[in-house]
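Fold and geometry: a report
Listed below, chain by chain, are the residues.
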Amino acid sequence: LGVWTYNVSTDEFWADDRAKHLHGHEPHEVHTFAEAGANIHPDDRDRAQAFTNAIQTRSKLQIEYRVIWRDGSVHWIASYGEFMSTDQGEMFYGVVQEISDRKFAAAALRDSEAQLWALIKNLPGGAVFIVDRDLRYRIAEGEALYAAGFQPEDFVGKTLFEALPIELASDY
């Protein structure tokens, strides 16, 4: 976790070494707000506009963006800030943390789910049924389902006994 402050009144920026490191900077490099954001990924520059908007509106800041380090590696950062009026001026106090593991895990999960759905939807002649702990269907899909005259919505969200007539459900 890194810490930063920005004095809106004087345009002074301060960040601890951890906050600078998370943004791909050496401790001695960052002295301005603009320098702090120099490594923000080009595709996330529009997200960085949230900083400017929060400063202008004196509102809370919560933003996630990528930074590119000198070695070319990309890191996800979450930054949170809050405006306060103090005797030192109008200040933003904030913290940053790296969230790369979470972002990469979420992307891997999305990819895995996409592969699973591609497999389920293209399973020749079969059907896939997945139930949760309460034995409610979470997934019902496949050629055999349709061939039997059913649709996924006939099963999804229901138990076997809710989805099928009792005489048919008791056979399963």
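This text goes with the structure placed above it.
The structure reproduced in this document is the subject of the present report. Here the structure is a predicted model, which means the values were calculated and not measured.

Before going further, it helps to examine the sheet that holds strand 5 (residues 89–98). Pairing is antiparallel across the open sheet formed by 5 strands, whose spatial order is 2-1-5-4-3. If you trace the sheet from one side to the other, it starts and ends with strand 2 (12–15) and strand 3 (61–68), each paired once. Direction aside, the axes of adjacent strands within the sheet are offset by 25° on average. The pairing of strand 1 (residues 2–7) with strand 2 spans 4 bridges and is antiparallel. Its bridge partner lying in strand 2, tryptophan 4 is registered against alanine 15. On the sheet, helix 3 (residues 45–57) packs against strand 1, strand 3, strand 4 (74–86) and strand 5 and is oriented at approximately 140° with respect to strand 3. In the packing of helix 4 (residues 100–121) onto the sheet, the strands contacted are strand 3, strand 4 and strand 5, and the crossing angle to strand 4 comes to about 130°.

Right, let's get into the environment of histidine 41. Structurally, the position occupied by histidine 41 is in the loop between helix 2 (33–36) and helix 3. Each C-alpha atom of the pair histidine 41 and isoleucine 68 lies 5.9 Å from the other, and the pair is 27 residues apart in sequence. Once residues lying within four places of it in the same chain are set aside, the contact partners of histidine 41 are Arg66, Val67, Ile68 and Val74.

A separate point is the nonpolar core. In terms of nonpolar packing, the biggest core is built from 23 residues, with Trp4, Tyr6, Phe13, Tyr65, Phe92 and Val96 touching the most fellow members. Setting aside its immediate chain neighbours within four residues, valine 96 contacts Leu1, Gly2, Trp4, Ala19, Leu22, His23, Tyr65, Ile77, Ala78 and Ser79. Ranked by size, the runner-up nonpolar core spans 8 residues in total, among them Phe155, Ala163, Leu164 and Ala169.

Scanning the model with the defined rule gives 7 aromatic pairs in all. Between phenylalanine 51 and tyrosine 65, the ring centres sit 5.9 Å apart and the planes meet at 70°, which makes this aromatic pair edge-to-face. Of this pair, phenylalanine 51 sits in helix 3 while tyrosine 65 is found in strand 3, placing the two residues 14 residues apart along the sequence. Across the pair, tyrosine 65 and phenylalanine 51 agree in class, each one buried. With 5.5 Å between their ring centres and 65° between their planes, phenylalanine 129 and phenylalanine 155 make a pair best called edge-to-face. Remark: phenylalanine 155 occurs in the loop between helix 5 (143–147) and helix 6 (160–163) and phenylalanine 129 occurs in strand 6 (residues 128–131); sequence separation between them is 26 residues.

For the rest of this paragraph, the subject is the pattern of salt bridges. What the rule picks out here adds up to 10 salt bridges. Within this structure, Glu26, Glu29 and Arg70 form a network of salt bridges that share partners.

As a further point, take the pairing of strand 1. Burial analysis of strand 1 places 5 of its 6 residues in the buried class, which makes it a mostly covered element. In this sheet, strand 5 lies alongside strand 1 in antiparallel orientation, the contact comprising 6 bridges. Bridging from a neighbouring strand, glycine 2 pairs with valine 96 of strand 5. Here strand 1 folds back onto strand 2, and the loop between the two strands holds 4 residues, one of which, aspartate 11, carries a positive phi near 65°.

So, about unusual backbone geometry. In terms of backbone geometry, most residues other than glycine have negative phi values and most peptide bonds are trans. Unusually for a residue other than glycine, aspartate 11 sits at a positive phi of about 65°. Structurally, the position occupied by aspartate 11 is in the loop between strand 1 and strand 2. Accessibility expressed as a relative area gives 48% for aspartate 11, which makes it partly exposed.

What counts and what doesn't
Residues numbered from 1 in each chain as written. Predicted model: local features only at pLDDT ≥ 70, side-chain atom pairs only at ≥ 80, totals over all residues. Heavy atoms only, no water. Pairing = 2+ DSSP bridges. Helix = DSSP H or I, 4+ residues; strand = E, 2+ residues; numbered from the N terminus. Axes fitted to C-alpha atoms, helices over the stretch in contact; angles between N-to-C directions. Contact = heavy atoms within 4.5 Å. Core = buried A, V, L, I, M, F, W, Y, C linked by side-chain atoms within 4.5 Å. Buried < 20%, exposed > 50% of the residue type's maximum accessible area, 1.4 Å probe, protein only. Phe/Tyr/Trp six-rings, centres within 6.5 Å; stacked < 30°, edge-to-face > 60°. Salt bridge = Lys/Arg side-chain N within 4 Å of Asp/Glu carboxyl O.

Purely geometric numbers; function is a separate question.
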